Amino acid sequence: MSTHFRMTRHWLAVGSMIMISVIGCSSKSDNSTADGSSGENDKPVIGFVQTGSEGDWRKAHTVSVREAAEAAGYELRFADGQAKQENQIKALSSFVAQGVDGIILAPLVETGWDNVLEKAQKRNIPVLILDRQVDVKDDSLFVTYIGADTYNEGRLAAEWLIEKTGGKAKVVELQGTPGASPTINRYNGFRDVIGEESGIEIIASQSGDFRRSKGKEVMEAFLKKHGDEIEVVYAHNDDMAIGAIQAIEDAGKKPGDDIILVSIDGVRGAFEAMVEGKLNCTVECNPLQGPMAFEAMDKILSGDIGDMPKKQMIKDEVYERENAKEVIDSRKY
């Protein structure tokens, strides 16, 4: 551990601004990593609590954080929550007990984090929230949130659909994981736009848990119940949309033509589906958030947060199947 990180650190709150001076961590004398291997003495240690490994988007997100940590000269201790909040809470508590220099949390759901974040704050360990947002009673429990504007993604999907259909369509919705901020925001953003369009009706909505297999299963149930009534599928992520495509094809229909599909994430699989004509539109949610996260962590650990905003949003784009072939080779995930 370098001299810089042996010094005492403290948090100083001034009004609504959380001024953080994190200069040291004195509790890593064993220098061991989460898997018991030996860490490097001169590297600050960051604990990263991921939601899980579901889907291409999440895998790209994890790789981005790992690569950014290495490039920035950090030791990264990784914990896979395996899509269970209790696992994430245990991992976060373990990182606090280890006395890491900082924690990056990609929360599975919005609520239920107050107690464990209070533990980190009492140990003067700053927490950066990544990808999904948290709903806590005291915003001083974390330094900043970095991620996409998932509410706006829902709005963008709805705006595209209105233009595509002329404001008339019967829609089935594949929601993400219940309680997750992208699910809540993509649900609300979509409805806040189509609420002004009397010709667009959501005839069914159910969670597919952001998973391809579950998206296929739910879409099969929608097709059995609603059949030819379905004109549009709105999926909260690309993996569920790809699962829905499989179900539509199994039902003898042509995805992208017989049924319009719009989804969110912008992973390569979605672009491949658009090139094949099976997906009509994807709204990007950029998973390459690692560099931004460690740029912020550098400032946090040096005590140089200045006017760092509480939320730092990544800009997203809308892509259609008509231009997917021109763009696909430039995609990094």
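Structure shown above.
Residues numbered from 1 in each chain as written. Predicted model: local features only at pLDDT ≥ 70, side-chain atom pairs only at ≥ 80, totals over all residues. Heavy atoms only, no water.

Trainee: Please provide a residue-by-residue account of the side chain of His-226, values included.
Mentor: Along the polypeptide, His-226 turns up in helix α6 (residues 212-226). On the basis of relative accessibility, which here comes to 14%, the residue His-226 falls in the buried class. Apart from residues no more than four positions distant in its own chain, His-226 is found in contact with Ile-203 and Ala-204. (Helix = DSSP H or I, 4+ residues; strand = E, 2+ residues; numbered from the N terminus. Buried < 20%, exposed > 50% of the residue type's maximum accessible area, 1.4 Å probe, protein only. Contact = heavy atoms within 4.5 Å.)

Trainee: I'd like a rundown of the sheet that holds strand β6 (residues 127-130), residues and numbers included.
Mentor: Across the sheet, which stays open at both edges, the six strands sit in the order β4-β3-β5-β6-β7-β13 with parallel pairing between neighbours. Of all strands in the sheet, those bounded by a partner on one side alone are β4 (75-80) and β13 (311-314). Between one strand axis and the next, the sheet turns through 20 degrees on average, direction left out of account. As paired strands, strand β3 (residues 45-50) and β4 are joined by six bridges and run parallel to one another. When the bridges of β4 are listed, Phe-48 appears paired with Phe-78. Contacts from helix α1 (residues 55-72) reach β3, β4 and β6, with the element oriented near 180 degrees to β3. (Pairing = 2+ DSSP bridges. Axes fitted to C-alpha atoms, helices over the stretch in contact; angles between N-to-C directions.)

Trainee: Before we move on, could you go through the pattern of salt bridges and cite the residues and values that matter?
Mentor: According to the stated counting rule, one finds 22 salt bridges in the structure shown. With its nearest N and O atoms 3.3 Å apart, the salt bridge here joins Lys-137 to Glu-118. One end of the pair, Lys-137, is in the loop between β6 and β7 (144-148); the other, Glu-118, is in helix α3 (residues 114-122), and 19 residues separate them in sequence. Between Lys-216 and Glu-220 there is a salt bridge, and its shortest N-O distance comes to 2.7 Å. Of this pair, Lys-216 and Glu-220 are both found in helix α6, four residues apart, which corresponds to roughly one turn of the helix. Overlapping salt bridges bring together Glu-54, Arg-58, Asp-131 and Arg-132 as one network. (Salt bridge = Lys/Arg side-chain N within 4 Å of Asp/Glu carboxyl O.)

Trainee: Report on the nonpolar core, specifying residues and quantitative values.
Mentor: As a rule of thumb, soluble globular proteins bury nonpolar side chains together. Counting 53 residues, the largest nonpolar core has Val-172, Leu-174, Met-219, Phe-222, Ile-230, Val-233 and Leu-279 as the members making the most contacts within it. Ranked by size, the runner-up nonpolar core spans 22 residues in total, among them Leu-92, Val-100, Ala-120 and Val-136. (Core = buried A, V, L, I, M, F, W, Y, C linked by side-chain atoms within 4.5 Å.)

Trainee: Which residues make up the environment of Val-49, and what values do they have?
Mentor: Counting through the fold element by element, Val-49 comes out in strand β3. Once residues within four sequence positions are removed from consideration, Val-49 is found in contact with Ala-79, Gln-88, Ala-91, Leu-92, Phe-95, Ile-104, Leu-105 and Ala-106.

Trainee: With reference to specific residues and values, describe the environment of Asp-258.
Mentor: Mapped onto the elements, Asp-258 comes out in the loop between α7 (238-250) and β11 (260-265). The spatial distance from the C-alpha of Asp-258 to the C-alpha of Glu-231 is 7.2 Å, given a sequence separation of 27 residues. In this structure Asp-258 touches Glu-231 and Lys-253, once residues within four positions along its chain are discounted. At 2.7 Å, the side chain of Asp-258 and the backbone nitrogen of Lys-254 are in polar contact. (Polar contact = N/O pair within 3.5 Å; in protein donor to acceptor, adjacent residues only side chain to side chain.)

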